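Examining the three-dimensional arrangement
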Amino acid sequence: MHETVVAENVLRTILEHAEKLKARPVRALVSCGQFNALNEEAMKFAFETAAAGTVCQGMLLQIRQIPLRAVCRPCRTVFELNLMTPLCPQCRSEDFDIEPDAPLLLEEIEFEDKQ
Amino acid sequence: MKVSLNQKILSRNEEAAAKNRQFFAEHKVFCLNVISSPGAGKTALLERTIRDLKEQFSIGVIEGDIETDNDARRIQAAGARAFQIETKGACHLSAEQVQNALKMIDAQTLDLVFIENVGNLVCPSAFDLGESGRVVILSVPEGDDKPAKYPGTFAGASVIVLNKIDLLPYVPFDLSRVLADIHTVNPQAPVLQLSAATGEGIDAWYDWLRRHLEKKQP
Ligand SMILES: Nc1nc2c(ncn2[C@@H]2O[C@H](COP(=O)(O)OP(=O)(O)O)[C@@H](O)[C@H]2O)c(=O)[nH]1
Ligand SMILES: [Mg+2]
Ligand SMILES: [Zn+2]
């Protein structure tokens, strides 16, 4: 599963920042689009496995799935595209342009506040 | 304390992919990343393509497989340079692995490089290899629900090959549903219906290749 590689890359970045800040990471937020097909459970499991024995062990990994959006050609409505029923919700047209899928991002990391 | 990053997670792979892309542009090499489920006919299509086009173009193949170098040997027997990457369990090729393999086949002297990715319809599509274009192969016996199940892979294709059409009379397969589902996520990519086994429909594939080899763009 490509979740393993994604998790390893996320972990490496968090460890770099933890080292620089000399702080313990407690939470990280990853976001991805629908086309990335990132499986949430597999991702969490891969991250836990990779993080075992590091300062990231036990931290919370949040995954935000960003829906695919499309623009209707006839009526210009921007809508969340459901691939099972690919229709404009406003005018029922099947003529639309899909917007670029959201990239796979490490959005933010939260560190424990130092006393 | 919160640190905002908004950093691309696969940026290391993307940097290596950018180098490969530069290499292809510099040496005028057309490179296709071939993605499908195991057994859809990637190697079969490449073998036939090499046999039919090797007098016109110099062709090399980078083979990705979890284990064994069988496919590389099939390609060599068909008459092209081949290098096998054994991923040892990984479900996709990375741009770095391709970078090394390009040296092994002297890719700068070739017109056309195929990368046969690891058989998997999900994972390879997240990893840019720096290719000029992407070929996604779907074969008839896999079923007609695959474009709906794996939209990201079909959305990223420059061309889609529907292989094993010689089996259409024998298995249930709703061709119009497949074409509609592909059209939803990727209205630009041509869908080429062919059989790598019998050669039916193969000329449209060769025409597509020749056209893009002339302009070296997907
Ligand atoms: N009937 C039929 N069989 C095919 C066709 N293309 C490939 N095959 C068979 O499908 C199997 C898998 O092909 P292969 O090229 O190894 O698939 P790969 O795993 O995607 O590289 C082999 O037994 C091929 O002979 C085709 O167009 N029609
Ligand atoms: Mg093969
Ligand atoms: Zn509309």
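Residues numbered from 1 in each chain as written. Chains lettered and ligands numbered in written order. Predicted model: local features only at pLDDT ≥ 70, side-chain atom pairs only at ≥ 80, totals over all residues. Heavy atoms only, no water.

**Here's the deal with the sheet that holds strand S1 (residues 25-33) of chain A**
On the basis of which strands lie adjacent, the open sheet formed by 4 strands has the order S2(A)-S1(A)-S6(A)-S1(B) and mixed pairing. Single-partner strands in this sheet number two, and they are strand S2 (60-66) of chain A together with strand S1 (2-8) of chain B. Strand-to-strand twist of the sheet, defined as the mean angle between neighbouring strand axes without regard to direction, takes the value 15°. Helix-sheet contacts for helix H1 (residues 3-21) of chain A involve S1, S2 and strand S6 (105-111) of chain A together with S1 of chain B, and the interaxial angle to S6(A) is about 35°. (Pairing = 2+ DSSP bridges. Helix = DSSP H or I, 4+ residues; strand = E, 2+ residues; numbered from the N terminus. Axes fitted to C-alpha atoms, helices over the stretch in contact; angles between N-to-C directions. Contact = heavy atoms within 4.5 Å.)

**Things to note about the interface of chain B and chain A**
With 23 residues of chain B at the contact, the number on the chain A side is 30 residues. Across the chain B/chain A interface, buried area totals approximately 2,400 Å², and carbon plus sulfur atoms make up 68% of it. Note that Glu108(A) and Lys2(B) form a salt bridge whose closest N and O atoms lie 3.9 Å from each other. On inspection of chain B and its partner chain A, the count reaches 8 residue pairs in polar contact (both at pLDDT 80 or more). When residues of the side of chain B that touches chain A are traced back to their parent elements, those giving at least two are S1, helix H6 (151-155) and helix H7 (175-185) of chain B. With 7 residues, S1(B) is the largest single contributor of residues to the side of chain B that touches chain A. Here the side of chain B that touches chain A is composed, by residue class, of 14 nonpolar, 6 polar and 3 charged. (Buried area = accessible area lost by both parts, 1.4 Å probe. Salt bridge = Lys/Arg side-chain N within 4 Å of Asp/Glu carboxyl O. Polar contact = N/O pair within 3.5 Å; in protein donor to acceptor, adjacent residues only side chain to side chain. Nonpolar A, V, L, I, M, F, W, Y, C, P; charged D, E, K, R; others polar.)

**Let's talk about the side chain of Gln84(B)**
All names here are of chain B. Considering the arrangement of structural elements, one finds Gln84 in strand S4 (residues 81-86). For Gln84, a relative accessible area of 13% corresponds to the buried category. Separated by 3.4 Å, the side chain of Gln84 and the backbone oxygen of Thr68 make a polar contact. Among the polar contacts listed, one links the side chain of Gln84 to the backbone nitrogen of Ala72, at a separation of 3.2 Å. Those residues in contact with Gln84 that sit more than four places away from it in its chain are Glu63, Gly64, Asp65, Thr68, Asp69, Asn70, Asp71 and Ala72. (Buried < 20%, exposed > 50% of the residue type's maximum accessible area, 1.4 Å probe, protein only.)

**Looking at the coordination of the zinc ion (ligand 3)**
All names here are of chain A. The zinc ion (ligand 3) binds to the protein through Cys72 (SG), Cys75 (SG), Cys88 (SG) and Cys91 (SG); the donor distances cover 2.3 to 2.4 Å. Around the zinc ion (ligand 3), the 4 donor atoms are arranged such that angles at the metal cover 105 to 117°; this shape is classified as tetrahedral. As a motif over one chain, the donors of the zinc ion (ligand 3) read C-x2-C-x12-C-x2-C. Placement of Cys72 in strand S3 (residues 69-72) and of Cys88 in the loop between strand S4 (78-80) and strand S5 (96-98) is noted, with a sequence separation of 16 residues between them. Here Cys72 falls in the buried class, since its relative accessible area comes to 0%. (Donors = N, O, S within 2.8 Å, 3.2 Å for Na, K, Ca; no water. Tetrahedral: all angles 85-135°; square planar, octahedral: opposite > 155°, others 65-115°.)

**Some remarks on the coordination of the magnesium ion (ligand 2)**
All names here are of chain B. Surrounding the magnesium ion (ligand 2) are the protein donor atoms Thr43 (OG1), Asp71 (OD) and Glu116 (OE), at 2.1 Å. Taken in chain order, the donor set of the magnesium ion (ligand 2) reads T-x27-D-x44-E. Of this pair, Asp71 sits in helix H3 (residues 70-78) while Glu116 sits in strand S5 (residues 112-116), and the two are 45 residues apart along the sequence. With respect to class, Asp71 is no different from Glu116; both count as buried.

**Focus: the environment of Leu209(B)**
Among the secondary structure elements, Leu209(B) is positioned in helix H8 (residues 202-215). Sequence-distant contacts of Leu209(B), that is, excluding residues within four places in its chain, are made with Leu32(B), Thr49(B), Leu53(B), Leu112(B) and Phe114(B).

**Topic: the packing of helix H2 (residues 42-53) of chain B against H8(B)**
Residues and elements named next belong to chain B. The geometry of H2 relative to H8 is characterised by a closest axis approach of 12 Å and an angle of 70° between their N-to-C directions. Here H2 lies roughly perpendicular to H8, going by the angle between them. Side by side, H2 and H8 meet where Leu45, Arg48, Thr49, Asp52 and Leu53 of the first sit next to Ile202, Trp205, Tyr206, Leu209 and Arg210 of the second. Looking at side-chain class alone, the contact of H2 with H8 contains 6 nonpolar, 1 polar and 3 charged residues. (Parallel < 35°, antiparallel > 145°, perpendicular 65-115°, else oblique.)

**Examining the confidence of the model for chain B**
Residue-level pLDDT values for chain B average 95, and 99% of them are 70 or greater. Model confidence for the complex is summarised by a pTM of 0.94, with the ipTM given as 0.88. (pLDDT = per-residue confidence, 0-100.)

**Side note on the site of ligand 1**
Residues and elements named next belong to chain B. Every one of the 18 residues lining ligand 1 counts as a neighbour, but Gly39, Lys42, Thr43, Ala44 and Asp166 are closest to it. Gly39 places a polar main-chain atom, nitrogen or oxygen, 2.8 Å from an oxygen atom of ligand 1. Asp166 places a side-chain nitrogen or oxygen 2.8 Å from a nitrogen atom of ligand 1. Contact with the protein chains covers 69% of the free accessible surface of ligand 1, which is 580 Å². If one sorts the elements of the shell around ligand 1 by residue count, H2 sits on top with 3 residues. Tallied by class, residues from the shell around ligand 1 come to 6 nonpolar, 7 polar and 5 charged. (Near = heavy atom within 4 Å. Areas by Shrake-Rupley, 256 points an atom, 1.4 Å probe, with all protein chains shown as cover.)

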